[in-house]
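One-letter residues, chain by chain:
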Amino acid sequence: MSSVAEELRLSTIRFLAVDAIEKARSGHPGAPMGAASVAYVLWDRFLRHNPANPNWCNRDRFVLSAGHASMLLYALLYLTGYDLTLEDIKNFRQWGSKTPGHPERGMTPGIEATTGPLGQGFGESVGLAYAETFLAARYNRPGFNIVDHHTYVLCSDGDLMEGVSSEAASLAGHLKLGKLICLYDDNKISIEGATNLTFTEDIAGRFRAYDWQVIDSVDGLNPEAVDAALRKARAESARPSLIICKTIIGYGSPHKEGTSSAHGEPLGPGEVAAAKKNLGWEYPEPFTVPPEVLAYFRQAQERGVQYEKEWAGLWVRYEQAFPGEASELCSLQNSRLPDNWDDDLAKLSYDTPKPLATRDASGRVLNALASTIPTLIGGSADLAPSTKTIISDSIDFSACDYIGRNLRFGVREHAMGCIINGLAMHGGIIPYGATFLVFCDYMRPALRMAALMRHRAIFIYSHDSIGLGEDGPTHQPIEHLASLRAMPGLCVIRPADATETTEAWRIAIMNLKQPTVLILSRQALPVLDRTQYAPASGLRQGGYVLWEADSNPDAILISTGSEVHIALEAGRQLKEKAINTRVVSLPSWDLFQSQPQAYRDSVLPPGIKARVSIEAAATFGWERWVGDLGLAIGLDRFGASAPSKVLYEKFGITAERAIRATEEVLEKT
């Protein structure tokens, strides 16, 4: 068992959490009280990190997947000397504080991942382990393990109930990610009560079946038992490890320990006093940190400086021995692209008379970029041949060879999204993941985390409309574009042809502080001859005037993706009717919205009220661009199984319908 001095340190962690939650009148005291020993041993004896430089590239990564236990992490960050003050702890869950209710990357120094929805952090940690393994395989040399760190994740019963943890754990075991260690806080309590209400499976057996090393029945309240388990986990290099730590939620609370009432609400003043007395805490004032405890924890600062100093010495020798690799890795770790990163894009040529699906164009662009960006890696949820997301000159990332750039995720969309986030969080990598647009619903929580974290990740969604045809309404996205556009912080682009697809990828690669979603067609589309139409570079502003019959248009047709070609045909026919029409390609609403008002007005002049939008998707949201007097042509019902040309005709997404709609709005205006 722990010594008196160690018990004082553990109580300091517990009661910093309890006092902050009590002051905020909200929060989750149970997990910090029960898992304090587990987190303490990891942070005090094993975690290699530098509080003075939270972004040191070779640090161990720690992810709190059980994000509701955030005060456990904030207490450790403060005590070990990160840029977090006691006042920040006192302002837990308050407006503008550095200590929000659940961990947020970029909000608090030392937070690796935005977590909250259970299971997200578990999946993200698998992505972090992927990244370390890939970069080590690519850049390490004998005697120079320049990329060499572990990923630790602390998860709860709820994390392991979520299906995404099964998806991600299955893949991690298959790939033998030996530097991934999961500490499972097995306290057998959830919000509704004991976990045996719903959760009685053999977790150890489940993870052994995933080919994980399982270290079972560890006394999570005993620091020495946790220490021994972590040493065993770190000694295993061929498999990820799950350490099942038996803990007691709300440990030390006389009336609430081991109960669901300790999970998600303050203990209350009386119970706080009783818990402090029960654990021998002799300090009456809240937020007390004994000087000897703070001095002990702050030794992490000295250790951190030494860790980084030792690594920096290795790096100097690595630079001398392998200058090319060192220069490349340094640039990528600092999010700098190679000087020639887009050279091969200029070499792409398209036969304009020959239609080409934007998914096919995307595959060409991806491979052109992969030739110059060495850490552009990714894959698909078992749909790579359809989404065109194979890097042709690379092998697969596998347990046999971690240098491969093609990631095979299997039919695991949710885990894929989380892993993409983990790859992006790690640094040094530009990740992408692909599936059909209709299946983005399976990974929406991960998309939302990407948007919250505002990092560079690329999500590729093909088969973007009823244009996929005979597979029918189960596979035809309708509401998906509207719902993705509604998500703050997500850059959604639906290109109209191969040339716009090239520009969309350019934006995705340069978009350092925002995830990008590329929406691509299954069906072949005409490649626009840019000698007749405006340059595709207009996509960089989100929307642009593609073509117009006259510089003083009577009406505006606005469209995205495959329907831009319908708008162009309608515009030409309207010209023959002496109706001067402007056709606007609007592939990215959010990019367009971010432009100066003067630019937006130049594309969509406020004085022109006759506007018609055309998109083979839900019309929801188009009122923003067509106004009160305009019309939105779209699909506010599910699709059907038939050839795509038949579907467009039956659902009225045609040039003829666009012409009639334009005439109707002109009559109104």
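Details of the structure are given in the entry above.
Residues numbered from 1 in each chain as written. Predicted model: local features only at pLDDT ≥ 70, side-chain atom pairs only at ≥ 80, totals over all residues. Heavy atoms only, no water.

1. Here's the deal with the nonpolar core
Then comes step 1: Judged by nonpolar contacts, the single largest core of 81 residues is most densely connected at Phe-122, Tyr-130, Phe-207, Trp-212, Tyr-461 and Leu-484.
Then comes step 2: Apart from residues no more than four positions distant in its own chain, Phe-122 is found in contact with Ser-65, Val-153, Cys-155, Leu-160, Ser-165, Ala-168, Ala-169, Cys-182, Phe-207 and Trp-212.
Then comes step 3: Ile-13, Leu-16, Phe-92 and Leu-230 belong to the second-largest nonpolar core, a separate cluster that totals 59 residues. (Core = buried A, V, L, I, M, F, W, Y, C linked by side-chain atoms within 4.5 Å. Buried < 20%, exposed > 50% of the residue type's maximum accessible area, 1.4 Å probe, protein only. Contact = heavy atoms within 4.5 Å.)

2. Here we look at the packing of aromatic side chains
Then comes step 1: Tallying each qualifying case throughout the model produces 27 aromatic pairs.
Then comes step 2: Note on Phe-122 and Trp-212: the rings are 6.0 Å apart at their centroids and 20 degrees apart in plane angle, and the pair reads as stacked. Remark: Trp-212 occurs in the loop between helix 8 (203-209) and strand 6 (213-219) and Phe-122 occurs in helix 5 (residues 120-139); sequence separation between them is 90 residues.
Then comes step 3: In this structure Phe-122 comes out as buried when scored by relative accessible area, which is 0%.
Then comes step 4: Classification of Trp-212 as buried rests on a relative accessible area of 1%.
Then comes step 5: A centroid spacing of 6.4 Å and a plane angle of 40 degrees characterise the contact between Tyr-130 and Phe-409, whose relative ring orientation is tilted. With Tyr-130 in helix 5 and Phe-409 in the loop between strand 9 (406-408) and helix 16 (413-426), the pair connects residues that are 279 residues apart, well separated along the chain. The burial state of Tyr-130 is the same as that of Phe-409; both residues are buried.
Then comes step 6: Every member of this aromatic cluster is reached through a ring pair, and the members are Trp-56, Phe-144, Trp-311, Trp-315, Tyr-318 and Phe-322.
Then comes step 7: Here Arg-9 stacks its cationic end above the ring of Tyr-296, 3.5 Å away from the centre of that ring. (Phe/Tyr/Trp six-rings, centres within 6.5 Å; stacked < 30°, edge-to-face > 60°. Helix = DSSP H or I, 4+ residues; strand = E, 2+ residues; numbered from the N terminus. Lys NZ or Arg CZ within 6 Å of the ring centre and 35° of its normal.)

3. Concerning the pairing of strand 7 (residues 241-246)
Then comes step 1: Most of strand 7 is tucked away: five of the six residues are buried.
Then comes step 2: Direction of pairing for strand 3 (residues 180-186) relative to strand 7: parallel, over a ladder of six bridges. In the strand pairing of strand 7, Cys-182 is matched with Leu-242.
Then comes step 3: Across five bridges, strand 6 lies against strand 7 in parallel orientation. What sits directly across from Asp-219, in strand 7, is Lys-246.
Then comes step 4: At this point the chain moves from strand 6, through helix 9 (residues 223-235), to the parallel strand 7, and the crossover so formed is right-handed. (Pairing = 2+ DSSP bridges. Right-handed = clockwise from strand over helix to strand, strands pointing away.)

4. Description of the environment of Phe-397
Then comes step 1: With respect to the helices, strands and loops of the structure, Phe-397 is situated in the loop between helix 15 (384-387) and strand 9.
Then comes step 2: You can call Phe-397 buried: its relative accessible area is 4%.
Then comes step 3: Considering only alpha carbons, one finds Phe-397 and Tyr-130, 267 residues apart in sequence, at a separation of 9.2 Å.
Then comes step 4: Contact partners of Phe-397, with chain neighbours within four places excluded, come to Tyr-130, Thr-133, Phe-134, Leu-175, Leu-177, Tyr-402, Gly-404, Arg-405, Asn-406 and Leu-407.

5. Here's the deal with the pattern of salt bridges
Then comes step 1: Within this structure, the stated rule accounts for 36 salt bridges.
Then comes step 2: With a shortest N-O distance of 2.3 Å, Asp-148 and Lys-179 are connected by a salt bridge. Highlighted residues: Asp-148 in the loop between helix 5 and strand 2 (151-156) and Lys-179 in the loop between helix 7 (163-175) and strand 3, separated in sequence by 31 residues.
Then comes step 3: In this structure, Lys-388 engages Asp-360 in a salt bridge whose closest nitrogen and oxygen atoms are separated by 3.8 Å. With Lys-388 in the loop between helix 15 and strand 9 and Asp-360 in helix 14 (residues 358-370), the pair connects residues that are 28 residues apart, well separated along the chain.
Then comes step 4: Beyond isolated ion pairs, a larger network of salt bridges with shared partners links Glu-6, Arg-45, Glu-224, Asp-227 and Arg-231. (Salt bridge = Lys/Arg side-chain N within 4 Å of Asp/Glu carboxyl O.)

6. With respect to the sheet that holds strand 10 (residues 430-436)
Then comes step 1: Across the sheet, which stays open at both edges, the six strands sit in the order 9-8-10-11-13-12 with parallel pairing between neighbours. A strand with exactly one partner marks an edge of an open sheet, and here the two such strands are strand 9 and strand 12 (491-493). With strand direction ignored, the average angle separating the axes of adjacent strands in the sheet is 20 degrees.
Then comes step 2: Note that strand 11 (residues 458-462) and strand 13 (residues 516-519) share four bridges and pair parallel. Paired with Phe-459 across the bridge in strand 13 is Val-517. (Axes fitted to C-alpha atoms, helices over the stretch in contact; angles between N-to-C directions.)

7. Examining the packing of helix 7 against helix 16
Then comes step 1: Following both chains from N to C, one finds helix 7 and helix 16 inclined at 70 degrees, their axes separated by 8 Å at the closest point. Considering their axes alone, helix 7 and helix 16 lie roughly perpendicular with respect to each other. Across the interface between the two elements, Val-164, Glu-167, Ala-168 and Leu-171 of helix 7 pack against Glu-413, His-414, Ala-415, Cys-418 and Ile-419 of helix 16.
Then comes step 2: Classifying every residue of the contact of helix 7 with helix 16 by side-chain character gives six nonpolar, one polar and two charged. (Parallel < 35°, antiparallel > 145°, perpendicular 65-115°, else oblique. Nonpolar A, V, L, I, M, F, W, Y, C, P; charged D, E, K, R; others polar.)

8. Considering the sheet that holds strand 1 (residues 61-64)
Then comes step 1: Strand order across the open sheet formed by five strands is 1-2-3-7-6, with parallel pairing between neighbours. What marks the edges here is a single partner per strand, and that holds for strand 1 and strand 6. In this sheet, adjacent strand axes meet at a mean angle of 15 degrees when their direction is disregarded.
Then comes step 2: Helix 2 (residues 30-46) rests against strand 1, strand 2, strand 3 and strand 7 of the sheet, and its axis sits at about 155 degrees to strand 3.

9. Quick notes on helix 10 (residues 269-278)
Helical geometry: 3.6 residues make up each α-helical turn, so side chains three or four residues apart lie on a common side.
Then comes step 1: Listed as buried for helix 10 are Glu-271, Val-272, Ala-275 and Lys-276. Seen from one end, helix 10 has its buried residues packed into an arc of 140 degrees, which puts them on one side. Facing away from the buried side of helix 10 by over 90 degrees, the exposed positions are Pro-269, Gly-270 and Lys-277.
Then comes step 2: Gly-280, located one to two residues past helix 10, shows a positive phi value of around 75 degrees. (Arc of directions from axis to C-beta.)

10. What about the side chain of Arg-456?
Then comes step 1: Following the sequence through the fold, Arg-456 ends up in the loop between helix 17 (444-453) and strand 11.
Then comes step 2: Despite its burial, Arg-456 pairs with no opposite charge, the nearest such side chain being Asp-342 at 12 Å.
Then comes step 3: A polar contact is formed between the side chain of Arg-456 and the backbone oxygen of Ile-509, at a distance of 2.7 Å. (Lys, Arg positive; Asp, Glu negative; His and termini not counted. Polar contact = N/O pair within 3.5 Å; in protein donor to acceptor, adjacent residues only side chain to side chain.)

11. Comments concerning the packing of helix 1 (residues 4-24) against helix 10
Then comes step 1: Direction vectors running N to C along helix 1 and helix 10 enclose 170 degrees, while the axes themselves pass 11 Å from each other. When the axis of helix 1 is compared with that of helix 10, the two are roughly antiparallel. Contact residues: helix 1 offers Phe-15, Val-18, Asp-19 and Glu-22, while helix 10 offers Pro-269, Val-272, Ala-275 and Lys-276.
Then comes step 2: Broken down by class, the residue content of the contact of helix 1 with helix 10 amounts to five nonpolar, no polar and three charged.

12. What about the pairing of strand 2?
Then comes step 1: In terms of burial, strand 2 is largely enclosed, as six of its six residues are buried.
Then comes step 2: Burial along strand 2 is two-sided: the residues Thr-151, Val-153 and Cys-155 and Tyr-152, Leu-154 and Ser-156 are all buried.
Then comes step 3: As paired elements, strand 1 and strand 2 share four bridges and run parallel to each other. Within the sheet, the bridge partner assigned to Leu-64 lies in strand 2 and is Leu-154.

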